[in-house]
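Residues per chain are reported as follows:
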Amino acid sequence: MEPLIGAPVARPDALAKVTGAARYPGDLDRPGTLHLKVVFAGRPHARIVGLDVTAAEAVPGVVAVLTAADVPHNAYGLVEADQPVLCGDVVRFVGDRVALVAAESQAAAEAGARLVRVVYDDLPVVSDPRAALEPGAPLVHAGRASNLVAHVPIRKGDAAAALAAADVVLEGEFRTSWQEHAFLQPEAGLAYIDEQGRVVVETAGQWLHEDRRQIAEVLGLPEEQVVVRYVAIGGAFGGREDLSVQHLLALAAWRLRRPVKIVWEREESMVGHHKRHPVQIRCTWGATRAGKIVAVRAEALADGGAYASTSQEVLKCIALFASGCYDVDHIHVDAYAVYTNNVPAGAFRGFGAPQAQFASESMVTRLAHALGMDPVAIRRINLYREGSIEPTQHPLPPGVSVRECLEACVERLAQELGGQENEAARRGPGDGERIPVPPALSWPPGHPIAAAHGPQPTALKRGWGIACGIKNLGYSFGFPEQATASVALHGGATIEHAELRIGAADVGQGVHLILRQIVAETLGVPLDVVRIIADDSAEAPNAGSASASRLTIMAGRAAHDAAAAALRLWREEEERPARATVQYCPPATTPLDPLTTAGRPNYAYGYAAQAVEVEVDTATGQVRVLRVISAHDVGRAVNRQQLEGQIEGGVAQALGYTLMEQFQMRDGRVLTPGFSTYLLPTILDTPPEIIPVVLELADPEGPYGARGVAELPLVPFAPAVAAAIHAATGVWVSDLPFTPERVLDAIAHFRQPRSRASEAGASGSVPPAAHTM
């Protein structure tokens, strides 16, 4: 039998999805189903002083209008239960839910929702995160001491002394924006009471058992009285980690004792679920003349929006990655998340790493320019290596491969450019390596490679940029991490049927096929012998969430170990059927010490490096990405075809975040409520060439050495594009996304005479201040 690990097996759900046969949550129905419609607040901050549902209840076909009084426990949240299911006293953002109309038809539900009368007393709106921290700022949550959600400090060495002694000190300020998940299937689902009296919710999500826990808590029921089932999931990217409609469905089914369904319109989805955190980062980096980075000082301020969601956990990643993937002895970081009356911010592919490393990677490239070095050389000096001490004063977990990713990326780039190289730039200082380095890779002005690239007289300028990235795999900072799987083997002399039970959500990334490949390889049976049960909280054990790039390494390891245990019982004990359940727990992580900030934050990391070629129209500011080389250490490619699809999809999403997607709010109101105003990349915007470079350096914890990769393509992309824009035009852009207006503004500032003082004070348009000590 041919090996299944590494085989490009086709996805079994592909045909049903492309033909429309697959059943998504919006396709579900049962006889006698009621239709639900949410009444949203529509205003950012107000006290509810009156709520009249009489006219709504009088609409023909309306069965009930549920309000806060109908909710047994009116609070939920992934980390902190600070969000009401239905608001009864105060609304804190435009997407707060105030009432839920149930009717015999969709038209009746909509008519009823329009007639719900809510009287508000508007409260002061807090929309700026920095202003939210000012003394006397209006409180988003009355009763709290301030609007601070969390503060994460990290201290290593003495950053102040190291900066004072550095040869070059560079300052920078960066801003990132919200990003909408934009999954194809808006929030939808069906709920009913089954023959056992259980509340059954059929929907799409990222963690069966966490959805079940929160729903049971809202209803005041034991968890076993709630069943969550997932049907086809039309994308997630972190956007289905928080509850959106699941608890509303469960509440209505439980109260009304009838099947209920809901399908959100795109505009409801846009205001109703969380976004990627906007972050402001101010930082100072210091280095020696030889290119050794000696210190990093950074402050990050994240807009958490109206509710906590996962802000505390995202903030930890922002703080940890403020110094990137670099071995720096002296680090002083303060990261803050703040309540505002904006849309809540929460999990999104990358979970804080793209924001933090947009700043850190940009600063490393700018340091190279300030020192007259090439960007690859400075990275070779400073990148993590095996045994490096991370910012939390603990050695990195084994499997540090960011250097290998960088070299593979640079080598492939040299091949793409026909082997062009320059003798002066292809040797890393002090390391003796001779790796080809291509021209125009964002080299400092006057560098021989940049000069060799030649003048570009037209309005279209091209340049290359490079960046590296790191992202934790799995839960962090002491959060309990485990995955449980059960395998049952049936047959006589040979295994005729194998059943894998594991509660792992396939949100489009193809993990169900990956898990079947791992189990089939472990058992030595054909793939079609292995069946998976993964989408029912009552039938599949808890494997944790489809997040943090963790399911291949965590659920894959649990499935592998359960299959191996069942196979031993089959062979050695001759059990028929042979059954085994295994809970896999990785090496423990720890919270940070509140005094020293020391700790072991993660058990595994993923690494990547990217090179990006852009074309900039200096007359319009339009930036077009032409080529992307994306190098990743995946440990072991379980399914090469799916892996490359993950990389390509991640690059497309990163392109939108970097160049186009601008979710806008003003005074707590959403200005971009649909895809006509919130622009997403189409196939015409996607780079003509996306070149995945796959390294397979086995991870010690992963099944067959595999590790996760899903989030990594988003981490280095924005700073690589920023470096490429600089290579093409000579200007830096520091605010995401790099819209044509921002690029033109940067070019205009660059062409104007500037004083040193103006450079030091500007943000997003001109090079940051560089001080030579």
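Along every chain, residues carry numbers that run from 1 in the direction the sequence is written. Totals for whole chains, interfaces and linings use all residues, but because this is a predicted model, local features are given only for residues with pLDDT of at least 70 and pairs of side-chain atoms are given and counted only at 80 or more. The side-chain numbers reported here are obtained from all heavy atoms of the structure, hydrogens and water having been left aside.

### Section: the nonpolar core
Take the buried residues of types Ala, Val, Leu, Ile, Met, Phe, Trp, Tyr and Cys, join any two whose side-chain atoms come within 4.5 Å, and each joined set is a nonpolar core. With a 1.4 Å probe rolled over the protein chains alone, any residue whose accessible area is under 20% of its type maximum counts as buried; one over 50% counts as exposed, and the rest are partly exposed. In this structure, Val 614, Phe 717, Ile 725 and Phe 738 are the most contacted members of the largest nonpolar core, which totals 112 residues. Residue contacts are defined here by distance: any two heavy atoms, one from each residue, within 4.5 Å place the two residues in contact. Every residue in contact with Phe 738, bar those within four places of it in the chain, is listed here: Phe 358, Thr 658, Leu 659, Ala 718, Val 721, Ala 722, Ile 725, Val 733 and Val 743. Judged by nonpolar contacts, the second largest core, of 83 residues, contains Val 525, Ala 546, Leu 551 and Tyr 584.

### Topic: the sheet that holds strand S17 (residues 483-491)
The strands that make up a sheet are held in pairs by hydrogen bonds between backbone atoms, and each pair lies either parallel or antiparallel. At least two bridges found by DSSP between two strands is the condition for calling them paired. Here a strand is any run of E in DSSP of at least two residues, a helix any run of H or I of at least four, and the numbering for each starts at the N terminus. The sheet built from four strands is open, its strands ordered S19-S18-S17-S20 with mixed pairing. The open sheet is flanked by strand S19 (530-533) and strand S20 (578-584), the only strands paired with a single partner. Pairs of neighbouring strands in the sheet enclose a mean axial angle of 20°, with direction left out of account. In the sheet, S17 pairs with S20 via seven bridges, with the strands oriented antiparallel. Residue pairing across strands places Ala 488 opposite Arg 579, the latter belonging to S20. Helix axes are fitted only over the stretch in contact, all axes being lines through C-alpha atoms; the angle between N-to-C directions runs from 0 to 180 degrees. The strands touched by helix H14 (residues 511-523) within the sheet are S17, strand S18 (495-501) and S19, with S19 carrying the most contacts at an inclination of about 135°.

### Points about the domain arrangement of the protein
Here the protein is described as being made up of domain 1 (24-123 + 182-272), domain 2 (129-180 + 275-362) and domain 3 (482-584). The centre of domain 1, based on its C-alpha atoms, is set 34 Å off from the matching centre of domain 3. With 16 residues of domain 1 in contact, the opposing surface of domain 3 contributes 17 residues. Once two parts are put together, the accessible area they lose, assessed with a 1.4 Å probe and summed over both, is termed the buried area. Contact between domain 1 and domain 3 buries roughly 1200 Å² in total, counting both sides, with carbon and sulfur atoms accounting for 53%. If you sort the residues of domain 1 by the area they bury against domain 3, Gln 206, Trp 207 and His 209 come out on top, with a joint share of 40%. Note: domain ranges come from an automatic or database domain assignment.

### Here's the deal with the side chain of Ser 244
Locating Ser 244 in the fold gives a position in the loop between strand S11 (226-230) and helix H7 (246-256). Apart from residues lying up to four places away in sequence, Ser 244 is in contact with Arg 97, Glu 187 and Trp 264.

### Side note on the sheet that holds strand S6 (residues 117-122)
Within the open sheet, the three strands sit side by side as S4-S2-S6. Their pairing is antiparallel. The sheet is open, and its two edges are formed by strand S4 (90-91) and S6, each paired on a single side. The pairing of strand S2 (residues 46-52) with S4 spans two bridges and is antiparallel. Directly across from Arg 47, in S4, lies its bridge partner Val 90.

### Brief notes about the pattern of salt bridges
Basic side-chain nitrogens of Lys or Arg form a salt bridge, by our definition, when they fall within 4 Å of a carboxyl oxygen of Asp or Glu. This model, assessed by the stated rule, comprises 38 salt bridges. With a shortest N-O distance of 2.9 Å, Glu 361 and Arg 379 are connected by a salt bridge. Taken together, the positions of Glu 361 in helix H10 (residues 353-371) and Arg 379 in helix H11 (residues 375-382) put the pair 18 residues apart, joining distant regions of the chain. As far as the burial class goes, Glu 361 and Arg 379 line up, both buried. Measuring nitrogen to oxygen at the nearest pair gives 2.9 Å for the salt bridge that ties Glu 407 to Arg 380. One end of the pair, Glu 407, is in helix H12 (residues 402-416); the other, Arg 380, is in helix H11, and 27 residues separate them in sequence. For the pair Glu 407 and Arg 380, one class covers both residues: buried.

### What about the packing of aromatic side chains?
Stacked, tilted and edge-to-face are the three classes applied to pairs of Phe, Tyr and Trp rings, where Trp contributes its six-membered ring and a pair requires centres within 6.5 Å; stacked means planes under 30 degrees apart, edge-to-face means over 60, and tilted covers the rest. Applying the stated criterion across every chain yields a total of 10 aromatic pairs. On the numbers, 6.1 Å between centres and 75° between planes, the contact of Phe 93 with Tyr 307 is edge-to-face. Placement of the pair is Phe 93 in the loop between S4 and strand S5 (97-103) and Tyr 307 in the loop between strand S14 (293-305) and helix H9 (311-320), with a sequence separation of 214 residues. Among the residues examined, Phe 93 registers a relative accessible area of 1% and is labelled buried. Ring geometry for Tyr 475 against Phe 479: centres 5.1 Å apart, planes inclined by 75°, an arrangement best described as edge-to-face.

### A closer look at the environment of Ala 654
One can find Ala 654 in helix H16 (residues 640-660). Spatially, the C-alpha atom of Ala 654 lies 7.2 Å from that of Pro 713, the residues being 59 residues apart in sequence. In this structure Ala 654 touches Pro 713, Leu 714 and Phe 717, once residues within four positions along its chain are discounted.

### A word on the environment of Ala 604
The topology assignment puts Ala 604 in the loop between S20 and strand S21 (605-617). By relative accessible area, which is 2% here, Ala 604 ends up buried. Sequence separation between Ala 604 and Gly 708 is 104 residues, and the spatial gap between their C-alpha atoms is 9.5 Å. Not counting residues up to four positions away in its chain, the partners in contact with Ala 604 are Pro 397, Asn 472, Leu 473, Ile 553 and Asp 699.

### Describing a negative patch on the surface
Each patch groups residues whose relative accessible area exceeds 30% and which form no salt bridge, using 9 Å between like charges and 5 Å between nonpolar side chains of Val, Leu, Ile, Met, Phe, Trp and Tyr. Surface accessibility follows the Shrake-Rupley procedure with a 1.4 Å probe radius. Residue values consider only the protein chains on display as shielding. This count recognises Lys and Arg as positive and Asp and Glu as negative, with His and chain-terminal groups excluded. One atom stands in for each charge, and that atom is NZ of Lys, CZ of Arg, CG of Asp or CD of Glu. Together, Glu 572, Glu 573, Glu 574 and Glu 575 line one region of the surface with negative charge. Within the element layout of this structure, Glu 572 appears in helix H15 (residues 554-572).

### Concerning the state of the cysteines
Cysteine sulfur atoms are paired as a disulfide whenever they fall within 2.5 Å. Following the criterion strictly, the structure yields zero disulfides and no others. With no disulfide of its own, Cys 405 has Cys 468 as its nearest cysteine by sulfur position, at a separation of 7.9 Å. Take Cys 468: it sits in no disulfide, and the sulfur closest to it among the cysteines is that of Cys 325, at 5.2 Å. When its relative accessible area of 0% is taken as the criterion, Cys 468 is described as buried.

### Some thoughts on the confidence of the model for the protein
pLDDT is a residue-level measure of predictor confidence that goes from 0 to 100. Here the protein shows a mean pLDDT of 93. Residues at 70 or above account for 92%. Segment residues 421-440: pLDDT under 50, and 56 contacts once partners within four positions in sequence are set aside and those in other chains are kept. Of the regions scoring below 50 in pLDDT, residues 753-769 engages in 34 contacts with residues more than four places distant in sequence or in other chains.

### Side note on the packing of H16 against helix H17 (residues 717-729)
Direction vectors running N to C along H16 and H17 enclose 60°, while the axes themselves pass 9 Å from each other. Taken together, the axes of H16 and H17 are oblique relative to one another. In this structure, the crossing between H16 and H17 has a hand that is right-handed. Residues Val 651, Ala 654, Leu 655, Thr 658 and Leu 659 of H16 lie in contact with H17, whose contacting residues are Phe 717, Ala 718 and Val 721. Asp, Glu, Lys and Arg are counted as charged, while Ala, Val, Leu, Ile, Met, Phe, Trp, Tyr, Cys and Pro are counted as nonpolar; the rest, among them Gly, fall into the polar class. Considered class by class, the residues forming the contact of H16 with H17 number seven nonpolar, one polar and no charged. Any angle that is under 35 degrees is reported as roughly parallel, and any over 145 degrees as roughly antiparallel; angles of 65 to 115 degrees are reported as roughly perpendicular and all others as oblique. Should the near helix be turned anticlockwise from the far one by less than a right angle, the crossing is termed left-handed; should it be turned clockwise, right-handed.

### Considering the side chain of Arg 379
A relative accessible area of 0% means that Arg 379 is categorised as buried. Separated by 2.9 Å, the side chains of Arg 379 and Thr 365 make a polar contact. Excluding its chain neighbours within four sequence positions, the residues that come into contact with Arg 379 are Tyr 326, Glu 361, Val 364, Thr 365, Arg 403, Leu 406, Ile 466, Ala 467 and Cys 468. Two N or O atoms form a polar contact when they lie within 3.5 Å of each other; inside protein one atom must be a possible hydrogen donor and the other a possible acceptor, and for residues adjacent in sequence the pair counts only when both atoms belong to side chains.

### Concerning H14
Each residue after the first adds 1.5 Å to the expected span of a helix. Relative to the 18 Å expected for 13 residues at 1.5 Å per residue, H14 spans 18 Å between its end C-alpha atoms, a close match to the ideal helical length. Looking only at H14, the buried set comprises Val 511, His 512, Leu 513, Ile 514, Leu 515, Arg 516, Gln 517, Ile 518, Val 519, Ala 520, Thr 522 and Leu 523. Residues of H14 that are buried make contact with S17, S18, S19, H15 and H16. One or two positions beyond H14, positive phi appears at Gly 524, with a value near 75°.

### Focus on the pairing of S17
A large share of S17 lies buried, amounting to seven of its nine residues. The sheet contact formed by S17 and S18 spans six bridges and is antiparallel. What sits directly across from Ser 486, in S18, is Arg 501.

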